[in-house]
Amino acid sequence: MARSLRPRKSTVNYARLARGDTSESDEVPDDAAPVDKDAEADDDKDEDMASVVDDNMDIDEEPVISRARKWLARTPPPSCVPLHSPTTDVERLVSKPSSPFVKTNTTLTKSFTHNSKTTDRVNKAWGYNVGSGPVWELVEDRAWFKEAQAGAETEDDRRPVVHSEIKTSSEFKMLTATEATPYLPSDVLAADDGTLNPPPPVTCFLGPHDAQTSVQFSMFESRKNSDFIPESKAQIFNPGAPYGALTGSVGRHYTQYLAVAPFPTKNHSPDVGIRAPRPALACIQIWACDASGMRCETVLCVESGPAYDLKWCPLPSHDKTLKRLGFLGGTFEDGTFSVYASGPSFVHIADPIIRIEMVETACWSFDWANSDVVAIGTTNGVIVDYAPDKPTVVDILPTIISQALTWIRVPPCSADGKPRLDGNPTVIASGGYDGMECMTDIREGRGSVMNRTRDVINTMIFSPYAGGPITIDHENIVKAYSASPSMLGRGHTLLEPGGPVWCISTSDMHPQLAVACADGALSTTNMLRSTRRGGSVPFWIHKIYQLDYSRKTGEFRMLERFLPTELAPTSKTGAWPREVGVQRVAWNVGNGLGCAGMLASATGSGLCRVDCLEGRWMKDKFPYGDVERLRGGTAVVDDSESE
């Protein structure tokens, strides 16, 4: 039977091909759906917002594009579909905070998911943020927890105080500075009599590139970066050794608190899957950050070994009477998952409040679902879902080591499709040393592979703004994957850093993504920028700082004031000293909208840095005129008048 070609239903417009347009025809195919003129008119009104980007564009120079390409240009990134759509109001800032450490004024406004129109507008508006941090006008808390009160609008109702009935003061044993020495970081070499020497100071050059100053950081010493770069709001401190874990506290404090877990020495190298016998002396340091600077307020002396992963309970659990900042969970070198309560000064805690230990494997990573449910990744590829009433072992697809995991923090659905706001999340996204990335529904007990790569999956985190987990792909690419049923597993590239990725961090308050790399760079980018190439809004990647190291002198230098770039960085080498790697990064979440721009990072040199980042609108013009018009807060919103 002779083969016949399918007849062409449209004609080729070669003039359009010469202009670079690859669509086949100016005409709508015969089988295309009818066009809704009213909807098209509404969409054209929304396009008036493009004047924010380029007011000087000549109409004759605008390329002719089809309706389909117009629709694609207005479509948000594929993994930004909201997974949970509450319609209650949320808090927003009334004015720009003068400092993260002062009280902020807020008011109620329509939430991001109030209706589809508001969702589209806010998504577009976030795409015009070209700064390194969040824009204060659009910051809102999109997190969901089952403990939230029905119809929660304010932060007090959305993130209530939990576990206030637990009393822990009797478990603390106060130590002197001399008694706490065995728990603190020390030098690699001990003294002749066997006593531990304090770690040597870290020498780092700070300031502008052509006028840097050498600064020595001893253990527990901190400096303001504004002493060297006037416009900088960063603070740098040294806990004594490189970090195993870092996390910011959750609570209603004007002073912000940061928990760091340093290794015993700078040369300490953990053995994956091998338990350290108890007692393994180590410490967790609680640093306070306010307008006066950074200072170490509390040292928790523990016997579980240094922490591999460390996270505060995601809901406030502080108690002023007991001087407790909250409950701190972590996986430790003894192979356990433990929860500690913070206390004052040097405190020895022999036994944690909760200790989870498995005979056949060791705990490696974990994530809080809410205040009483955690998922623990182990070194034999098994994920353990633990709740106080019933632990569950979820045997996922064969994975060597569950290096990274995160809860998809959305409420489960009942049989009629309605969300159960009083239930626990049921989906876990995880990755391991074998490069497999999958989503697991704990009700089924098996995982669905969303990607395979030849790289080790070091980090994975959920973002309510991206609508799914964010992790790494081949060639160090950072990718976001959709957890929406309509686009399950579909992903798109967010960032292409210059080296292997150690850690990524997202916030419940804004869509800025922070990436910590082995090449010594800490970078941020906007996850909600348009995915269309060639648009007026650039694909900007902001390098906050770059750490360099001299093997000859043993000195570091911290470079900043980098211009944002669109292209992936080109590096001349594929290997960097381990001392320069940015190993941990964490946004400040759960301490109010005014602190949403605070970003903490830890490096292999032992130095830690806290930055206060701010966003900026493209050409300094706010989309849709003002916040009320953007969110539909006015009685009548006319998009045709928007700027």
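Notes on the structure in this doc start here.

Digging into the overall build of the protein chain
For step 1, the next point in the chain: When its secondary structure is counted, the protein chain shows six helices and 36 strands.
For step 2, the next point in the chain: Accessible area for the protein chain stands at about 29,100 Å²; split by element, carbon and sulfur atoms hold 51% of it.

Overview of the sheet that holds strand 11 (residues 293–302)
Either a parallel or an antiparallel arrangement is found when strands of a sheet pair, and the pairing is made through backbone hydrogen bonds.
For step 1, the next point in the chain: On the basis of which strands lie adjacent, the open sheet formed by six strands has the order 3-15-11-10-9-8 and mixed pairing. Whereas interior strands pair on both sides, the edge strands pair on one side only; in this sheet they are strand 3 (173–174) and strand 8 (243–248).
For step 2, the next point in the chain: Note: strand 11 against strand 15 (residues 345–348), four bridges, orientation parallel. Among the inter-strand pairings, L300 is bridged to a residue of strand 15, identified as V347.

Some thoughts on empty space enclosed by the protein
For step 1, the next point in the chain: The full count for this structure, using the stated rule, is five cavities of 30 Å³ or more.
For step 2, the next point in the chain: If you add up the space inside the largest cavity, you get close to 130 Å³.
For step 3, the next point in the chain: Considering the residues around the largest cavity, the lining is formed by 14 residues, among which Y257, L258, N588, M598 and A600 are closest to the centre.
For step 4, the next point in the chain: Listing elements by their share of the lining of the largest cavity, those giving two or more residues are strand 9 (256–262), strand 34 (582–587) and strand 35 (598–603).

Some points on the pattern of salt bridges
For step 1, the next point in the chain: A full pass over the atoms with the stated rule returns 23 salt bridges.
For step 2, the next point in the chain: One salt bridge connects R92 with E628, and the closest N-O pair in it is separated by 2.8 Å. Placement of R92 in strand 1 (residues 90–93) and of E628 in helix 6 (residues 627–630) is noted, with a sequence separation of 536 residues between them.
For step 3, the next point in the chain: In this structure, the salt-bridge partner of D441 is R443, at a minimum N-O distance of 2.9 Å.
For step 4, the next point in the chain: Under the relative-accessibility criterion, D441 is labelled buried at 15%.
For step 5, the next point in the chain: Judged by its relative accessible area of 54%, R443 falls in the exposed class.
For step 6, the next point in the chain: Through salt bridges with shared partners, a single network forms among D141, R159, R409 and D508.

Considering the environment of R142
For step 1, the next point in the chain: With respect to the element layout, R142 can be found in the loop between helix 4 (116–127) and helix 5 (155–158).
For step 2, the next point in the chain: The buried category is assigned to R142, whose relative accessible area is 14%.
For step 3, the next point in the chain: Remark: the alpha-carbon pair of R142 and F112, spanning 30 residues in sequence, is separated by 8.2 Å.
For step 4, the next point in the chain: Beyond its immediate stretch of four places on either side in the chain, R142 contacts F112, V122, W126, P464, Y465 and D508.

Conventions and cut-offs
- Residues numbered from 1 in each chain as written.
- Predicted model: local features only at pLDDT ≥ 70, side-chain atom pairs only at ≥ 80, totals over all residues.
- Heavy atoms only, no water.
- Helix = DSSP H or I, 4+ residues; strand = E, 2+ residues; numbered from the N terminus.
- Areas by Shrake-Rupley, 256 points an atom, 1.4 Å probe, with all protein chains shown as cover.
- Pairing = 2+ DSSP bridges.
- 1 Å grid on protein atoms, 1.4 Å probe; cavity = no way out; pocket = protein on both sides within 12 Å on 5 of 7 lines; lining within 4 Å.
- Points joined across faces, edges and corners; volume = space filled by probe spheres on them.
- Salt bridge = Lys/Arg side-chain N within 4 Å of Asp/Glu carboxyl O.
- Buried < 20%, exposed > 50% of the residue type's maximum accessible area, 1.4 Å probe, protein only.
- Contact = heavy atoms within 4.5 Å.

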